[in-house]
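Structural description and commentary
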Amino acid sequence: MSDETYPPISAQLDDVAAAREEGRRKMDWALQHMPILSALREEFEAEKPFEGQRVGMAMHVEAKTANLVETLAVGGAEVAITGCNPLSTHDDVSAALDAHEDITSYAKRGVDDDEYYAAIEAVVDHEPTVTVDDGMDMVAAIHEDHPELIDSILGGCEETTTGVHRLRAMDADGALKYPVFAVNDTPMKRLFDNVHGTGESSLATIAMTTNLSWAGKNVVVGGYGYCGKGVAKKAAGQNANVIVTEVEPRRALEAHMEGYDVMPMAEAAEKADVVLTTTGNRDVVTAEHFERMKDGVLLANAGHFDVEVNLDELDDLAVDRYEARDGVEAYEMADGRRLNVVAEGRLVNLAAPIALGHPVEVMDQSFGVQAVAVRELVESAERSSADGGDPYDPGVHDLPDELDREVAEIKLEAEGVAHDELTADQEEYMGSWQHGT
Ligand code: NAI
């Protein structure tokens, strides 16, 4: 980038008006199916809890995220946002956001590395008082290049497993200088978004991108964590033969007891029709595996970074490489086998050309949790300046459970689902150690 300041999306598109209209249409559709964000938006609009706050965000900028961004803005915040992946932005949605007087969006699909980081810098230039990340890039940029901002930052929120892992590593090194909520780790996020969201949207995206069926395929799921469980279950539900690879013995056992085949990747690679990684780790699929794979295998990744399938090693083995379909790159081996990489090995449910990300209902939950987490950061700072109590210390924090429950209650009410509550006697019984046989 030669420009000193990176321009917002509106300055980068040819037909901004048309893009804004289409982006708004996508946002309106999503919002109709987001009862949690709708309820919180009404509350924030009335109470303006974020008045005077500047929120800096690096997220997948598409319709559901955009509704979170607007929810914070109607609550009084000034928001600046960019993408958290070079391929996951919907430019029309980004343009629709940028049209809002309290929102600046720098997110653009297909940016190179320099542009990606220049856009993060542009968000940091707004001097955020709260950060909202998906993968921790904003926290990293502030700590590495703008430590002078840290004192005025109330805290941050982190959306995904990989971001929380990075933050915990930073915290253990004593390097994390403001509090961050591990939004990923709440039940309302992880048990739905990672499991159902990743399962449904990764499989749907691969099927739509390739026009191929799951039935009868050998589908190798790398990693049997929250995301892997969702992928395995939904692939089995579509009549695939699921094979799981794991490094953690209890998770391997869980997959085995669930009825899946469990084996090392070196063995699974020979059988695979599809390999889908969900580990958050690097080099899960490498040269020794590529050498054993069948002609026509599909390789895809649903983990946060594009390091799970080692594409450098694949490229080294390939004698030819070409675009087989939109979103599918074929790597041809010397013996004629074609190994097909979907969405450049980036998280497939968001980065493939036709990707829409998780279903709307699932993201309503995740972003409902994000919204109450931001509210808690602001309110805790207000509480502490009023009564001198401590706000959250620098470091990674679990979100208070009652806030996660609040989000669940809003959703249940919207779904018309009633549930029982503990009686006073039951509560006393559950909290007592004296009751026995
Ligand atoms: P998790 O920690 O629950 O699961 C990861 C699993 O992978 C663990 O069981 C671990 O033992 C296993 N693993 C690690 N290295 C491995 C290796 N070399 N071979 C086989 N297994 C290995 O994490 P979770 O929540 O399932 O997230 C996984 C990744 O997906 C993260 O990068 C996360 O950020 C990302 N994610 C992606 C989403 C999407 O929309 N595509 C949504 C939510 C999370």
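Residues numbered from 1 in each chain as written. Predicted model: local features only at pLDDT ≥ 70, side-chain atom pairs only at ≥ 80, totals over all residues. Heavy atoms only, no water.

If you check an unreviewed UniProt entry, the protein appears there as Adenosylhomocysteinase from Halobium palmae. Looking at the protein in UniProt, the text filed under Function (unreviewed entry) is "May play a key role in the regulation of the intracellular concentration of adenosylhomocysteine." (UniProt positions renumbered as here; feature names shortened; annotations may be inferred.)

**A word on the nonpolar core**
In terms of nonpolar packing, the biggest core is built from 47 residues, with Val-55, Met-57, Leu-68, Leu-72, Val-79, Leu-97 and Val-132 touching the most fellow members. It is helix 15 (residues 360–387) that provides the largest number of residues to this core, a total of eleven residues. Excluding residues within four positions of it along the chain, Leu-72 makes contact with Phe-50, Val-55, Met-57, Ala-77, Val-79 and Val-374. Counting residues in hydrophobic clusters, the runner-up holds 30 residues, among them Ala-119, Val-124, Ala-140 and Leu-167. (Core = buried A, V, L, I, M, F, W, Y, C linked by side-chain atoms within 4.5 Å. Buried < 20%, exposed > 50% of the residue type's maximum accessible area, 1.4 Å probe, protein only. Helix = DSSP H or I, 4+ residues; strand = E, 2+ residues; numbered from the N terminus. Contact = heavy atoms within 4.5 Å.)

**Overview of the site of the ligand**
Taken together, the neighbourhood of the ligand is formed by 28 residues, with Thr-160, Thr-161, Thr-162, Cys-227 and Glu-246 sitting nearest. Within the contact set of the ligand, a nitrogen atom lies 2.8 Å away from a backbone nitrogen or oxygen of Ala-302. In this structure, an oxygen atom belonging to the ligand sits 3.0 Å away from a main-chain N or O atom of His-304. Burial of the ligand by the protein chains amounts to 89% of its free accessible area of 860 Å². Breaking the shell around the ligand down by element, the ones donating at least two residues are helix 7 (161–172), helix 8 (187–210) and helix 9 (226–237). Here the shell around the ligand is built from residues that sort into seven nonpolar, 16 polar and five charged. Mapped onto the domain boundaries, the shell around the ligand takes at least three residues apiece from domain 1 (9–189 + 358–415) and domain 2 (195–351). (Near = heavy atom within 4 Å. Polar contact = N/O pair within 3.5 Å; in protein donor to acceptor, adjacent residues only side chain to side chain. Areas by Shrake-Rupley, 256 points an atom, 1.4 Å probe, with all protein chains shown as cover. Nonpolar A, V, L, I, M, F, W, Y, C, P; charged D, E, K, R; others polar. Domains from an automatic or database assignment.)

**What to know about the sheet that holds strand 9 (residues 261–262)**
By definition, the strands of a sheet pair up through backbone hydrogen bonds, in either a parallel or an antiparallel sense. Reading across from one edge, 9-8-7-10-11-14-13-12 is the order of the eight strands in this open sheet, with mixed pairing throughout. Looking at the sheet topology across the chains shown, the edges are occupied by strand 9 and strand 12 (318–325). Two strands pair when backbone bridges link them, and strand 8 (residues 241–245) and strand 9 are joined in this way by two bridges, in the parallel orientation. Each residue of the ladder has a partner; that of Val-244, found in strand 9, is Val-262. Lying over the sheet, helix 9 contacts strand 7 (218–222), strand 8 and strand 10 (274–277), oriented at roughly 170° with respect to strand 7. (Pairing = 2+ DSSP bridges. Axes fitted to C-alpha atoms, helices over the stretch in contact; angles between N-to-C directions.)

**Description of a negative patch on the surface**
Among the surface-exposed residues, Glu-409, Glu-413, Asp-420 and Glu-421 lie close enough to one another that they form a single negatively charged patch. Mapping Glu-409 onto the fold places it in helix 16 (residues 401–415). (Patch = residues over 30% accessible without salt bridge, like charges linked within 9 Å, V, L, I, M, F, W, Y side chains within 5 Å. Salt bridge = Lys/Arg side-chain N within 4 Å of Asp/Glu carboxyl O. Lys, Arg positive; Asp, Glu negative; His and termini not counted. Charge placed at Lys NZ, Arg CZ, Asp CG, Glu CD.)

**Looking at the pattern of salt bridges**
If you walk through the whole model with that rule in mind, you get 25 salt bridges. With a shortest N-O distance of 2.8 Å, Glu-62 and Lys-64 are connected by a salt bridge. Residues Glu-62 and Lys-64 agree in their burial class; the two are buried. The salt bridge partner of Arg-346 is Glu-344, with a shortest N-O separation of 3.7 Å. By relative accessible area, Arg-346 is classed as buried at 19%. With a relative accessible area of 47%, Glu-344 lands in the partly exposed category.

**Some points on unusual backbone geometry**
One non-glycine residue, Lys-48, lies in the positive phi region at around 45°. Its location among the elements puts Lys-48 in the loop between helix 2 (35–47) and strand 1 (54–58). For Lys-48, a relative accessible area of 34% puts it in the partly exposed group. A positive phi angle, near 55°, is found at Asp-283, a position not held by glycine.

**Observations regarding the pairing of strand 5 (residues 155–158)**
Side chains Gly-155 and Cys-157 project from strand 5 onto one buried face, and the interleaved Gly-156 and Glu-158 project onto a second face that is buried too. For strand 4 (residues 130–133) and strand 5, the ladder comprises four bridges, and the chain directions are parallel. Counterpart to Val-130 in the pairing with strand 5 is Gly-155. In the classification by handedness, the crossover that spans strand 4, the intervening helix 6 (residues 137–145) and the parallel strand 5 is right-handed. Here three bridges tie strand 5 to strand 6 (residues 179–182), and the two strands are oriented parallel to one another. Opposite Cys-157, over in strand 6, you have Phe-181 as the bridge partner. (Right-handed = clockwise from strand over helix to strand, strands pointing away.)

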